[in-house]
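Fold and geometry: a report
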Amino acid sequence: MDKNLYQGYVKILHNELIPALGCTEPIAIAFGAAKARAVLGQFPDRIKMRCSGNIIKNVMGVTVPNSGGLRGIDAAATLGVVGGDADRELEVLEGITQEDIEQTKRLVAEGFCQCDLQEDVENLYIVASAVKGEHSAEVTIINRHTLITKIVKDGEILFERQVGRESPDHADKSLLNVKDILTFANEVEIQDIREVIERQIHMNTAIAEEGLNGHYGAEVGRTLLEYYGEDVKTRARAKAAAGSDARMGGCPLPVVINSGSGNQGMTVSLPVIEFAREFGVSEDKLYRALVVSNLIAIHQKKYIGSLSAYCGAVSAACGAGAAITYLSGGGVQEIGYTITNTIGNVGGIVCDGAKSSCAAKIASSVEAAILAHYMACRKHSFQPGEGIVQEDVEGTIKSVGYIGRVGMKLTDTEILNIMIDRVNVDEV
């Protein structure tokens, strides 16, 4: 494999597979608010958040981690100001104390934080403004949950980065394609990816077990095991769903994310880990399979974008299904079939924000990916011209990416309108 391509793929894994505490959208809110306070240099009198519709959508229904059960942008932002550590980025709320929570509750009740919808901006857009008397600090985050593009203090620009221009160590995801991903998975030196993959296995397994042992959300994972049995197909779905149950329910355990999402990070990894145990494969083979699942998911998301009306569980489940086929000895053709079959089945699941039902969408997507895998094992695939299926898997991935990024823009807007009561569905 070309050396530069090889190093690019290693960099993608190291950049994308990072730990995060809680749902990444409220964490990004807390990070922005904590950074604004740090720039201000003192505790503010008030904080104002301006956010895109996708950010609002993904914060409304999910519990802010380490918050004692609080929800919403005002809670996430205020907690970030009160006790957040911006230097920890996606683990900004790791050090929150009970005293911080009580102070946050008081400030939220007093209207300390104002939240406004910012329209006609990038899907991932956050501006946090902290004000103390005549002094102010403003932090802007665009396109990635911790990507600060502008810092302003008292009207003076301290830092600015052109939107769309990443840092020099950013990995080029345009390099990704299914064939090269499989070549890389087969050839990668395990020591080059061991740290990130080990961390993903450890952290994501821990929160899945917590979700199965505790009472979180709608208990989708526990329900699957209780009523569907405990074969590998059910365990794979239940583990991924249980991780989401816990995460959406405010469990303080961190997870390793994929494409900026903890739910997607659990979906690409936990089913693969479960099938690897069932098959009795070596650790080396499991690591390579997780390389496949993670990169296939990231490959799809580069076309869709970080936030969309297209449910990210589907692209993540495609990655998991591809890795299960890889574990079974499948090659480029069979893995292409698995991806195509998954997209052709559940490509229409919409994202209506982060909340407890994400666990059910994950379970449905993983079920579709497992079916897609078994179809691929029998050399069956949906054919070009059938719906959005194209001549090859790369074309199919691009077509669903176009739908998620462009075709579902209006859907995204109308979902948000329903969520924030801008429309009366009884009058439709």
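Right, let's walk through the structure included here.

What counts and what doesn't
- Each chain carries its own residue numbering, running from 1 in the written order of its sequence.
- It should be noted that, the model being predicted, local features are given only for residues of pLDDT at least 70 and side-chain atom pairs only at 80 or more, the latter also being counted only at that level, while totals for whole chains, interfaces and linings use all residues.
- Each side-chain value is derived from all of the structure's non-hydrogen atoms; neither hydrogens nor water enter the calculation.
- Here a strand is any run of E in DSSP of at least two residues, a helix any run of H or I of at least four, and the numbering for each starts at the N terminus.
- Radius of gyration: C-alpha atoms only; globule rule: 2.2 Å multiplied by the number of residues to the exponent 0.38.
- Whether a residue is buried, partly exposed or exposed follows from its accessible area with a 1.4 Å probe, protein chains only, as a fraction of its type maximum: under 20%, in between, or over 50%, in that order.
- Contacts between residues were defined by any pair of non-hydrogen atoms, one from each residue, lying within 4.5 Å.
- By convention in these notes, a salt bridge is any Lys or Arg side-chain nitrogen within 4 Å of a carboxyl oxygen on Asp or Glu.
- The rule for pairing is simple: two strands pair if DSSP sees at least two bridges between them.
- The length a helix should cover is 1.5 Å for every residue beyond the first.
- Stacked, tilted and edge-to-face are the three classes applied to pairs of Phe, Tyr and Trp rings, where Trp contributes its six-membered ring and a pair requires centres within 6.5 Å; stacked means planes under 30 degrees apart, edge-to-face means over 60, and tilted covers the rest.
- Criterion for a charge above a ring: Lys NZ or Arg CZ within 6 Å of the ring centre, and within 35 degrees of the ring normal.
- Polar contact is defined as a pair of N or O atoms within 3.5 Å, subject to the rule that within protein one atom must be able to donate a hydrogen and the other to accept it, and that residues adjacent in sequence are counted only when both atoms are side-chain atoms.
- We call a set of buried Ala, Val, Leu, Ile, Met, Phe, Trp, Tyr and Cys residues a nonpolar core when their side-chain atoms join them within 4.5 Å.
- Angles shown run from 0 to 180 degrees and are taken between the N-to-C directions of axes, each axis being a line fitted to C-alpha atoms and, for helices, limited to the stretch in contact.
- What sets the label is the angle itself: under 35 degrees gives roughly parallel, over 145 gives roughly antiparallel, 65 to 115 gives roughly perpendicular, and the rest give oblique.
- Handedness of a helix crossing follows the sense of rotation of the near helix relative to the far helix, less than a right angle counterclockwise being left-handed and clockwise being right-handed.
- Ten residue types, Ala, Val, Leu, Ile, Met, Phe, Trp, Tyr, Cys and Pro, are classed as nonpolar, four, Asp, Glu, Lys and Arg, as charged, and the remainder, Gly among them, as polar.

Turning next to the overall build of the chain. Each helix and strand counted, the chain has 16 helices and eight strands in total. Against the 2.2 N^0.38 benchmark of 22 Å for 428 residues, the chain shows a C-alpha radius of gyration of 21 Å, consistent with a compact globule. In terms of its C-alpha atoms, the chain occupies a principal-axis envelope of roughly 70 × 50 × 50 Å. Considering the chain as a whole, with its 428 residues, one finds that 57% of them fall into the buried category. Within the chain, contacts between residues separated by at least 24 positions form 75% of all contacts whose residues are at least 6 apart in sequence.

Quick look at the pattern of salt bridges now. Per the stated rule, a full pass over the model turns up 20 salt bridges. Across the pair D412 and K57 runs a salt bridge whose closest N-O atoms are separated by 2.6 Å. Placement of the pair is D412 in helix α16 (residues 409-419) and K57 in helix α3 (residues 53-59), with a sequence separation of 355 residues. K57 carries the same exposure label as D412, and that label is buried. One network of salt bridges, in which partners are shared, links E209, R235, K239, E274, R277 and E278.

So, about unusual backbone geometry. In this structure, E89 is a non-glycine residue whose phi angle is positive, near 50 degrees. Overall, the relative accessible area of 38% leaves E89 in the partly exposed class. For E219, which is not a glycine, the phi torsion comes out positive at approximately 55 degrees. Structurally, E219 is set in the loop between α7 (190-213) and α8 (220-228). Taking relative accessible area as the criterion, E219 reaches 22% and is therefore assigned partly exposed.

What follows deals with the pairing of strand β6 (residues 148-153). Sheet analysis places strand β5 (residues 135-142) next to β6, joined by five bridges and oriented antiparallel. Each bridged residue has a counterpart across the sheet, and for V139 the counterpart in β6 is I151. Pairing analysis gives four bridges linking β6 to strand β7 (residues 156-160), with the strands arranged antiparallel. Across the sheet, K153 pairs through a bridge with E156, a residue of β7. Once β6 ends, the chain turns through two residues before running back antiparallel as β7, passing D154 with a positive phi of about 50 degrees.

Attention now goes to helix α9 (residues 232-248). With 17 residues, α9 ought to run about 24 Å at 1.5 Å a step, and its terminal C-alpha atoms sit 24 Å apart, in line with that. Among the 17 residues that make up α9, 15 are buried, leaving the element largely enclosed by the rest of the structure. Following α9 by one or two positions, G250 adopts a phi angle in the positive range, close to 90 degrees.

A few words on the packing of aromatic side chains. Tallied over the full model, the rule gives four aromatic pairs. Ring geometry for Y6 versus F184: centroids 5.3 Å apart, planes at 65 degrees, classification edge-to-face. Linking Y6 in helix α1 (residues 3-16) with F184 in helix α6 (residues 178-187), this pair joins segments that are 178 residues apart in sequence. Given the relative accessible area of 0%, F184 is considered buried. Put simply, the rings of Y6, Y9 and F184 pair up and form one aromatic cluster. Lying over the aromatic face of Y228, R237 brings its terminal NZ or CZ to 5.3 Å of the ring centre. When the ring centre of Y326 is taken as origin, the NZ or CZ atom of K285, which lies over that ring, is 4.2 Å away.

We classify D412 as buried; its relative accessible area is 10%. Looking at D412, its side chain comes within polar contact range of the side chain of K57, at 2.6 Å. Those residues in contact with D412 that sit more than four places away from it in its chain are N54, K57, S308 and A309.

Quick look at the nonpolar core now. By size, the foremost hydrophobic cluster in this structure holds 122 residues, and its most contacted members are I29, M49, L93, F184, I193, L295 and I339. It is helix α11 (residues 283-304) that contributes the most residues to this core, 11 residues altogether. Beyond its immediate sequence surroundings of up to four residues, I29 is in contact with M49, C51, I55, V59, I73, A76, A77 and I126. Counting six residues, the second-largest nonpolar core is a separate cluster that includes V220, L224, A238 and A359.

Structurally, M248 can be placed in helix α9. The spatial distance from the C-alpha of M248 to the C-alpha of Y216 is 8.0 Å, given a sequence separation of 32 residues.

This part is about the sheet that holds strand β2 (residues 46-51). Taken together, six strands build an open sheet; the order of strands is β3-β2-β4-β5-β6-β7 and the sheet is mixed. Both outer strands of the open sheet, β3 (113-117) and β7, are each paired with one neighbouring strand and no more. Put simply, the sheet's adjacent strands are angled 15 degrees from each other on average, direction ignored. Set on the sheet, helix α4 (residues 73-83) makes contact with β2 and β3; between it and β3 the angle comes to about 130 degrees.

All right, on to helix α14 (residues 358-377) then. The end-to-end C-alpha distance of α14, which contains 20 residues, comes to 29 Å, matching closely the 28 Å that a straight helix rising 1.5 Å per residue would cover. Most of α14 is tucked away, with 14 of its 20 residues classed as buried. K379 sits one or two positions beyond α14 and adopts a positive phi of about 65 degrees.

Take the packing of helix α10 (residues 262-279) against α14 next. The relative placement of two packed helices is expressed as an angle between their axes plus a distance between the axes. Between α10 and α14, whose axes approach to 11 Å, the crossing angle comes to 45 degrees. When the interaxial angle is binned, α10 and α14 end up oblique. At the point where α10 passes α14, the crossing takes the right-handed sense. Two secondary-structure elements touch here, α10 through N263, T267, P271 and F275 and α14 through C358, I362, V366, I370 and Y374. Looking at the contact of α10 with α14 residue by residue, the class counts come to seven nonpolar, two polar and no charged.

What is shown is where atoms sit, not what they do.
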